[in-house]
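Architecture at a glance
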Amino acid sequence: MSRLWARIHRGVPRRHRDGPAGRQPAASRLWRLLAPRYRVGTVDTLTPERLRAWGIEALMLDLDNTLVPWGEEVPPPQVTAWLRALRHAGVPACLVSNRLSWRVRRAAAMLDLPVAVGRFKPSAAKLRRALAMMGTHPEHTAMVGDQLFTDILAGNRLGVPTILVAPLAAREPLRLRLVRWVERRVLAALAKSETGTPRA
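First, a word on what this report is: a plain description of the structure on this page. Just so we're clear, the structure is a prediction, and the values are computed from it rather than from any experiment.

Describing the pairing of strand β4 (residues 141–145)
- Here β4 lies mainly inside the structure; 5 of its 5 residues are buried.
- With 4 bridges joining them, strand β2 (residues 58–61) and β4 adopt parallel strand pairing. If you follow Met-60 over to β4, its bridge partner there is Met-143.
- Direction of pairing for β4 relative to strand β5 (residues 162–164): parallel, over a ladder of 3 bridges. Bridged to Gly-145 within β5 is Leu-164.
- With helix α8 (residues 148–158) bridging β4 and its parallel neighbour β5, the resulting β-α-β unit is right-handed.

Quick look at the structure:
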């Protein structure tokens with residue numbers, strides 16, 4: 001866990017780490033960068049009406065276990081129907097995945113979504129690219145994903161609304177199961193603190 005925390009710290013911009021005396025301790029600021037603004041079930045619960053109520057006009061979407069089960073290529077019918085509803089409502093969306101580029105592009109073709117390229121999350125490079133591609137404002141464009149240490153951290157670093165969704169499938173590689181163990185403890189600690197995330 002200490003190694004993982006060190007990697008997160010290295011990935012956080014210096015403006016979030018350093019500052020004048022009297023500001024929040026670095027650990028506290030890092031803690032806040034892991035807190036999603038909203039926490040929901042699967043992505044298909046993010047209806048256009050709910051997004052509008054939150055002031056969200058566009059979405060940056062993770063792929064694995066957010067739109068498709070981990071390791072699979074074909075999206076579930078409910079995800080396809082959800083994306084169709086977003087398009088019908090005029091809500092643009094863009095993929096910002098850490099998956100290898102050729103796999104992302106193949107999945108994007110099936111999902112009919114554009115793909116932002118750039119450094120892997122938690123870098124915010126892909127998110128900045130997605131904003132430029134969609135021509136949307138950060139305060140009205142949410143990052144949606146199933147992982148705290150990539151999706152949520154990247155979104156919070158950029159200052160956009162962040163939405164943590166439940167993974168589509170329980171089957172994941174060992175390295176991700178270990179990350180989930182840490183995530184559960186972080187979420188439990190956040191729930192007890194003033195940084196706690198509202199469930200919507």
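What to know about the pattern of salt bridges
- Under the counting rule described, the total for this entry stands at 10 salt bridges.
- Measuring nitrogen to oxygen at the nearest pair gives 2.6 Å for the salt bridge that ties Asp-151 to Lys-121. Pair noted here: Asp-151 is in helix α8 and Lys-121 is in the loop between α6 (101–111) and α7 (125–134), with a separation of 30 residues, a long-range link. Taken as a pair, Asp-151 and Lys-121 share a single burial class, namely buried.
- Note that Glu-183 is salt-bridged to Arg-180, the shortest N-O span being 2.9 Å. In this pair, Glu-183 and Arg-180 both sit in helix α9 (residues 174–192), 3 residues apart, roughly one turn of the helix.
- Among the residues examined, Glu-183 registers a relative accessible area of 5% and is labelled buried.
- Through salt bridges with shared partners, a single ionic network connects Asp-64, Glu-73, Arg-99, Arg-103 and Arg-106.

Some remarks on the nonpolar core
- If you look at the biggest cluster of nonpolar residues, it comprises 28 residues, and the most contacted ones within it are Leu-59, Leu-61, Leu-67, Trp-82, Leu-95 and Ile-163.
- Breaking this core down by element, the ones donating at least two residues are β2, α5 (77–88), β3 (93–95), α6 and β4.
- When near neighbours in sequence (up to four residues on either side) are disregarded, Ile-163 contacts Tyr-38, Val-40, Leu-46, Leu-51, Trp-54, Ile-56, Ala-142, Met-143, Val-144, Gly-145 and Ile-152.
- Residues Leu-30, Ala-35, Val-186 and Leu-190 belong to the second largest nonpolar core, which totals 14 residues.

Quick notes on the rules
- Residues numbered from 1 in each chain as written.
- Predicted model: local features only at pLDDT ≥ 70, side-chain atom pairs only at ≥ 80, totals over all residues.
- Heavy atoms only, no water.
- Buried < 20%, exposed > 50% of the residue type's maximum accessible area, 1.4 Å probe, protein only.
- Helix = DSSP H or I, 4+ residues; strand = E, 2+ residues; numbered from the N terminus.
- Pairing = 2+ DSSP bridges.
- Right-handed = clockwise from strand over helix to strand, strands pointing away.
- Salt bridge = Lys/Arg side-chain N within 4 Å of Asp/Glu carboxyl O.
- Core = buried A, V, L, I, M, F, W, Y, C linked by side-chain atoms within 4.5 Å.
- Contact = heavy atoms within 4.5 Å.

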